[in-house]
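# Overview (structure and organization)
What follows is the residue order along each chain.
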Amino acid sequence: MTSPSPFTGFWQAGFEGADHINGSAQVLCLNSSTGHLADAGGDYRRMARLGLYTARESAGWRSIERAGCGRYDFSHVGMRARAARAHGVQLLWSFFHYGMPEGLDIFSPEFVPRFAAYAHALAAYLAPFH
């Protein structure tokens, strides 16, 4: 006996969402540069037309916590979550895809508690969408 899949569809799409500052100090936000943030609803609509109802998305910690430790802007996450819901698309969120807030060192003692606080806040924000 097999258990039902937790995914809406067998095939899954994905949107490149790296959001970081590279070694040359250049900001790279792939959700913006690919046009996905500007037309997420259109992307999900096209997915649904192809029979794709599950997609990987990246929240973009660097962009979400720009205002400083513990202050989050989930507006881009909410926009995509609402657009996906409108088209019947299930989103699988990546909370940390390369980028982290400026000034935070992955090896510092503050990294884990700060990531935990961010992950908790993002999960709480996303909970009503699932």
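Look up a bit, the structure's there.
Figured I'd write up the structure that's included with this text. Computed from a predicted model, the values in this text were never measured in an experiment. (Residues numbered from 1 in each chain as written. Predicted model: local features only at pLDDT ≥ 70, side-chain atom pairs only at ≥ 80, totals over all residues. Heavy atoms only, no water.)

### Examining the sheet that holds strand S5 (residues 90-94)
Paired through their backbone hydrogen bonds, the strands of a sheet run either parallel or antiparallel. Ordered by their spatial adjacency, 3 strands build an open sheet running S1-S4-S5, and the pairing between neighbours is parallel. Among the strands making up the open sheet, the edge pair consists of strand S1 (13-14) and S5. Looking at chain direction, strand S4 (residues 54-58) and S5 are connected through 5 bridges and run parallel. Each residue of the ladder has a partner; that of Ser 58, found in S5, is Ser 94. (Pairing = 2+ DSSP bridges. Helix = DSSP H or I, 4+ residues; strand = E, 2+ residues; numbered from the N terminus.)

### What to know about the nonpolar core
Residues Tyr 44 and Val 77 are the most contacted members of the largest nonpolar core, which totals 23 residues. Residue assignment for this core shows that the elements contributing at least two residues are helix H2 (40-49), helix H3 (61-64), helix H4 (75-86), S5 and helix H5 (111-126). Top element by residues in this core is H5. It accounts for 5 residues. If near-sequence neighbours (up to four positions away) are discounted, Tyr 44 is found in contact with Phe 15, His 36, Glu 57, Arg 80, Ala 83, Ala 84, His 87, Val 89 and Leu 91. (Core = buried A, V, L, I, M, F, W, Y, C linked by side-chain atoms within 4.5 Å. Buried < 20%, exposed > 50% of the residue type's maximum accessible area, 1.4 Å probe, protein only. Contact = heavy atoms within 4.5 Å.)

### Section: the pattern of salt bridges
Enumeration over the complete set of coordinates arrives at 6 salt bridges. The network of salt bridges with shared partners includes Asp 39, Asp 43 and Arg 46. (Salt bridge = Lys/Arg side-chain N within 4 Å of Asp/Glu carboxyl O.)

### Looking at the pairing of S4
In terms of residue burial, S4 counts as a mostly covered element, since 4 of its 5 residues are buried. Of the pairings in the sheet, the one linking S1 to S4 comprises 2 bridges and is parallel in character. Residue pairing in the sheet places Ala 13 in a bridge with Ala 55 of S4.

### Describing the packing of H2 against H4
Where H2 meets H4, the closest approach of the two axes is 9 Å, and the angle between their N-to-C directions is 30°. On the basis of the axis angle, H2 is roughly parallel to H4. As H2 packs across H4, the resulting crossing turns out to be right-handed. On H4, the residues touching Ala 40, Gly 41 and Tyr 44 of H2 are Met 79, Arg 80, Ala 83 and Ala 84. Partitioned by chemical class, the residues of the contact of H2 with H4 number 5 nonpolar, 1 polar and 1 charged. (Axes fitted to C-alpha atoms, helices over the stretch in contact; angles between N-to-C directions. Parallel < 35°, antiparallel > 145°, perpendicular 65-115°, else oblique. Left-handed = near helix turned anticlockwise from the far one by under 90°. Nonpolar A, V, L, I, M, F, W, Y, C, P; charged D, E, K, R; others polar.)

### Overview of unusual backbone geometry
Non-glycine residue Ala 25 carries a positive phi angle of around 65°. Along the chain, Ala 25 falls in the loop between strand S2 (19-21) and strand S3 (27-29). Residue class for Ala 25 comes out exposed when judged on its relative accessible area of 60%.

### What to know about H5
Here H5 spans 22 Å end to end across 16 residues, near enough to the 22 Å set by a 1.5 Å rise per residue. Every buried residue belonging to H5 is among Phe 111, Arg 114, Tyr 118, Ala 119, Ala 121, Leu 122 and Leu 126, and all of these are buried. Angular distribution of buried residues about the axis of H5 spans 165°; they occupy a single face of the element. Of the exposed residues in H5, the ones pointing more than 90 degrees away from its buried face are Val 112 and His 120. Where the residues of H5 are buried, they touch H3, H4 and S5. (Expected span 1.5 Å × (residues − 1). Arc of directions from axis to C-beta.)

### Let's talk about the packing of H4 against H5
For the pair H4 and H5, interaxial distance at closest approach is 11 Å and the crossing angle is 35°. The crossing of H4 and H5 is right-handed. Residue-level inspection shows Val 77, Gly 78 and Arg 82 of H4 in contact with H5, the latter providing Leu 122, Tyr 125 and Leu 126. The residue makeup of the contact of H4 with H5, split by class, is 4 nonpolar, 1 polar and 1 charged.

Take it as geometry only, folks, not as evidence of what the structure does.
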